Amino acid sequence: MHSVELPVEALPSQPWAQRLLPKRLWSQALLIQCVSMLLMTGLAPGVINSVFAFELRSLGIRLDSVWFWLLPHICVVSVLAKAARMPVWWRWIHVIFPVAVIFMQQVALPATVYFAGFVITLALYWSVHNTRVPFYPSFPSTWRAMHHILEQHADDHSLKVLDIGSGIGDIAMFLAKQRIHDEVSGIEIAPLPWAISAVRAIFSGTSVKFTLGDYRDLDFATLDVVFAYLSPAVMSDVWQKVQQEMRPGSLFVSSEFPVTAVDASRIIYPAVNAPALYVYCIDATPSPSHP
């Protein structure tokens, strides 16, 4: 197996406009939507009262219709999302979200549709109140960076790798395909993501396994690498378990959220918009971070 060459140790440069944006992608998306809506609200009175308004109305175009302003709104948010270098799937959300909101307002859907949406959302996020960990999808650049880490750490040996909070199984299945001799598994407490990952694993052609349950019930003693994309609220508890159970020389890798008061052995930046990977090499005396 050959390793993927990545500029993983270099922090990519960012344009000044992107540095002004919030770090969270959902915060960037909300800001972009609000900016575009304010822009449309400011332009609407001038367009409606302009000399072209009569000609547009004669063509059957209603300037006071929300659908008329939807297209320029979508164009503006798409341009802003691209300028912010948001991932492609977030740009699609920018397009679909306002259309869906207007559609739901104007179409009288039966209550069962909303109930079904509630059930699906509950199955996806029902454990958040207990685990304090929402659903975070990982990035392809993160998958490749994790493969790079495993290649460097393995030294031609097979590894036991666990993804805690594995979601729909993207990163675990990618690693299982790239490193066929490793024992890769994932554990997920939310039933819907776990069910999706379990079905995907059947057709993946790999030996990856997904368990429905809480990672706190597992023993990390036999693991070589543990990957987590969880939440700042639980990092101290996860680190305590890692320190108590994992063998010296094993790795704990956290995506986006570092362990408080502990220096990472390495900090890897897979791509401009991907979260950083904090790599911790387990030993008997972890070094505290500097204030």
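Residues numbered from 1 in each chain as written. Predicted model: local features only at pLDDT ≥ 70, side-chain atom pairs only at ≥ 80, totals over all residues. Heavy atoms only, no water.

Peer 1: Help me understand the nonpolar core in this model?
Peer 2: Side chains of a nonpolar character, in soluble globular proteins, are inclined to be buried together. Core analysis: the largest hydrophobic core is formed by 49 residues, its most contacted members being Met146, Ile164, Phe220 and Phe252. For this core, the elements supplying multiple residues, two or more each, are helix H8 (140-154), strand S1 (160-164), helix H9 (170-178), strand S2 (183-188), strand S4 (225-228), helix H11 (235-245), strand S5 (251-255) and strand S7 (277-281). Aside from chain neighbours lying at most four places away, what touches Ile164 is Ile187, Tyr215, Phe220, Val226, Phe227, Ala228, Tyr229, Leu230 and Val238. If you look at the next biggest cluster of nonpolar residues, it comprises 10 residues, including Leu25, Ala29, Ala84 and Phe139. (Core = buried A, V, L, I, M, F, W, Y, C linked by side-chain atoms within 4.5 Å. Buried < 20%, exposed > 50% of the residue type's maximum accessible area, 1.4 Å probe, protein only. Helix = DSSP H or I, 4+ residues; strand = E, 2+ residues; numbered from the N terminus. Contact = heavy atoms within 4.5 Å.)

Peer 1: Is there a simple way to explain the side chain of Ser254 in this structure?
Peer 2: If you trace the backbone, Ser254 turns up in strand S5. Classification of Ser254 by relative accessible area gives buried; the value is 0%. Side-chain polar atoms of Ser254 contact the backbone oxygen of Phe257, separated by 2.5 Å. Those residues in contact with Ser254 that lie beyond four places of it in its chain are Ala228, Met235, Ala276, Leu277 and Tyr278. (Polar contact = N/O pair within 3.5 Å; in protein donor to acceptor, adjacent residues only side chain to side chain.)

Peer 1: How should I be thinking about the confidence of the model for the protein chain in this particular structure?
Peer 2: The predicted model of the protein chain averages 81 in pLDDT, with 77% of residues at 70 or higher. S1 holds the highest mean pLDDT among the elements of the protein chain, 97, whereas helix H7 (residues 128-131) holds the lowest, 51. When the criterion is pLDDT under 50, residues 1-12 qualifies, and its contacts beyond four places in sequence or with other chains add up to 26 contacts. (pLDDT = per-residue confidence, 0-100.)

Peer 1: Got a minute to help me understand the packing of aromatic side chains in this structure?
Peer 2: How two aromatic rings sit relative to each other is set out by the distance from centre to centre and by the angle between their planes. Counting across every chain of the model gives five aromatic pairs. A network of ring pairs unites the aromatic residues Trp239, Phe252 and Tyr280 as a single cluster. The ring centre of Phe220 lies 4.8 Å from the NZ or CZ of Lys241, which sits over that ring. (Phe/Tyr/Trp six-rings, centres within 6.5 Å; stacked < 30°, edge-to-face > 60°. Lys NZ or Arg CZ within 6 Å of the ring centre and 35° of its normal.)

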